[in-house]
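Letter by letter, the chains look like this.
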Amino acid sequence: MIAAGYPPLIRCPSPEFDLGGGSKSGFLKIPASNCRCKGARSSFFGPVKAMEGSKVSYVNGKTDKGLVEDSIGKSVRQMSTIGNSTNIVWHKCSVEKIDRQELLQQKGCVIWITGLSGSGKSTLACALSRGLHGRGKLTYILDGDNVRHGLNRDLSFGAEDRAENIRRVGEVAKLFADAGVICIASLISPYRKDRDACRALLSEGEFIEVFMDMPLRVCEARDPKGLYKLAREGKIKGFTGIDDPYEPPLNSEIVLQQKGGVCASPCDMAGTVISYLEDNGYLIA
Ligand SMILES: Nc1ncnc2c1ncn2[C@@H]1O[C@H](COP(=O)(O)OS(=O)(=O)O)[C@@H](OP(=O)(O)O)[C@H]1O
Ligand SMILES: Nc1ncnc2c1ncn2[C@@H]1O[C@H](COP(=O)(O)OP(=O)(O)O)[C@@H](O)[C@H]1O
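This is a predicted model, so every value here is computed, not measured.

J.: Quick question: what am I supposed to make of the site of ligand 1 here?
T.: Near ligand 1 there are 20 residues, and of these S117, R148, R162, N165 and K225 occur at the shortest range. One of the side-chain nitrogen or oxygen atoms of R162 is found 2.8 Å away from an oxygen atom of ligand 1. I188 is positioned with one of its backbone polar atoms (N or O) 3.0 Å from an oxygen atom of ligand 1. The protein chains hide 91% of the 630 Å² of surface that ligand 1 would expose on its own. Contributing elements (two or more residues each) for the shell around ligand 1: helix 2 (121-134), helix 3 (144-147) and helix 4 (159-178). Broken down by element, the residue count for the shell around ligand 1 peaks at 3 residues, all from helix 4.

So this is what it looks like as structure tokens:
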């Protein structure tokens, strides 16, 4: 775990938390030598590996996606039942995560920002995305407020629906990470077990939890949407931190907090996270 609040690690020329990094062109130049199509010389289309396991075995009730042997000892793909989905088969493609990471020159991962409303999650997510984008790294933000405009519009703020909100975002974030993208998820995610379940979806090191450890009084004083005021007046029920719980993380990779009552700037906070990514090899393939 590292704690933040250190001097700025990155020059921040604009008041809009722009971490610079130079180019805004948005084009990635991919050297020909990066092409992993075996045997492909001049042709762009290398030989495509045949999909393994087009035959399937009927072993219902199992949840692993490995190969099994049929009655004559031939390897076949396994039918699975996952939740309410019966008779499903995992399809593999010869273009894998490692190939996408090589293309993007980065490691796909999930940066999970948790904290109270008003703690600065969305602001950090945006500053971080800008900082990484400026370095030629591909990011995508899954912000709680935004995702609730679409995918999760059917969910309320009751405990069960919050858990489903986090589960869905965790699964989507996992897909982004598999795509090789640095996925930044910023949600209150108040329950420890829900956050830990998202961590468990990913491989070791692919889930980086960032705890916005801001005191409630700071968040409430900010109150940019006026929601704390409404919650105090009893006009919003079950508001996190007021009459609904927030379980702080116990072992976050990164904790961002005030130092001597002073909050680091969003730019500095993003710098702390980017340093973590650099030091731990996420910004290379
Ligand atoms: N009851 C209640 N409690 C907390 N927050 C509330 C509530 N009702 C609405 N909002 C607004 O919803 C935003 C949080 O959505 P999340 O999806 O991040 O919440 S959660 O993870 O499911 O708890 C949150 O956004 P942020 O302020 O960005 O955190 C609020 O704007
Ligand atoms: N590091 C910071 N220092 C000072 N104010 C901040 C900082 N980060 C965010 N803010 C301000 O706090 C308020 C809440 O930030 P926001 O990112 O919307 O929080 P959240 O997404 O956690 O609800 C906003 O008005 C924002 O400008």
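J.: Would you take a moment to explain the side chain of K97 for this structure?
T.: If you trace the backbone, K97 turns up in helix 1 (residues 97-104). In this structure the side chain of K97 is engaged in a polar contact, spanning 3.4 Å, whose partner is the backbone oxygen of G108. Setting aside its immediate chain neighbours within four residues, K97 contacts G108, A177, D178 and E206.

J.: Would you take a moment to explain the packing of aromatic side chains for this structure?
T.: Any pair of aromatic rings gets described here by the distance separating the centres and the angle formed by the planes. Enumeration over the complete set of coordinates arrives at 5 aromatic pairs. Centroid distance Y228 to F239: 5.0 Å. Interplanar angle 80 degrees. Geometry classified as edge-to-face. Taken together, the residues Y228 in helix 7 (residues 227-232) and F239 in the loop between helix 7 and strand 11 (254-257) connect sequence positions 11 residues apart. Accessibility assignment for this pair places Y228 and F239 in one class, buried. The cationic tip of R148 hangs over the ring face of F157; the distance from NZ or CZ to the ring centre is 3.7 Å.

What counts and how
- Residues numbered from 1 in each chain as written.
- Chains lettered and ligands numbered in written order.
- Predicted model: local features only at pLDDT ≥ 70, side-chain atom pairs only at ≥ 80, totals over all residues.
- Heavy atoms only, no water.
- Near = heavy atom within 4 Å.
- Polar contact = N/O pair within 3.5 Å; in protein donor to acceptor, adjacent residues only side chain to side chain.
- Areas by Shrake-Rupley, 256 points an atom, 1.4 Å probe, with all protein chains shown as cover.
- Helix = DSSP H or I, 4+ residues; strand = E, 2+ residues; numbered from the N terminus.
- Contact = heavy atoms within 4.5 Å.
- Phe/Tyr/Trp six-rings, centres within 6.5 Å; stacked < 30°, edge-to-face > 60°.
- Buried < 20%, exposed > 50% of the residue type's maximum accessible area, 1.4 Å probe, protein only.
- Lys NZ or Arg CZ within 6 Å of the ring centre and 35° of its normal.

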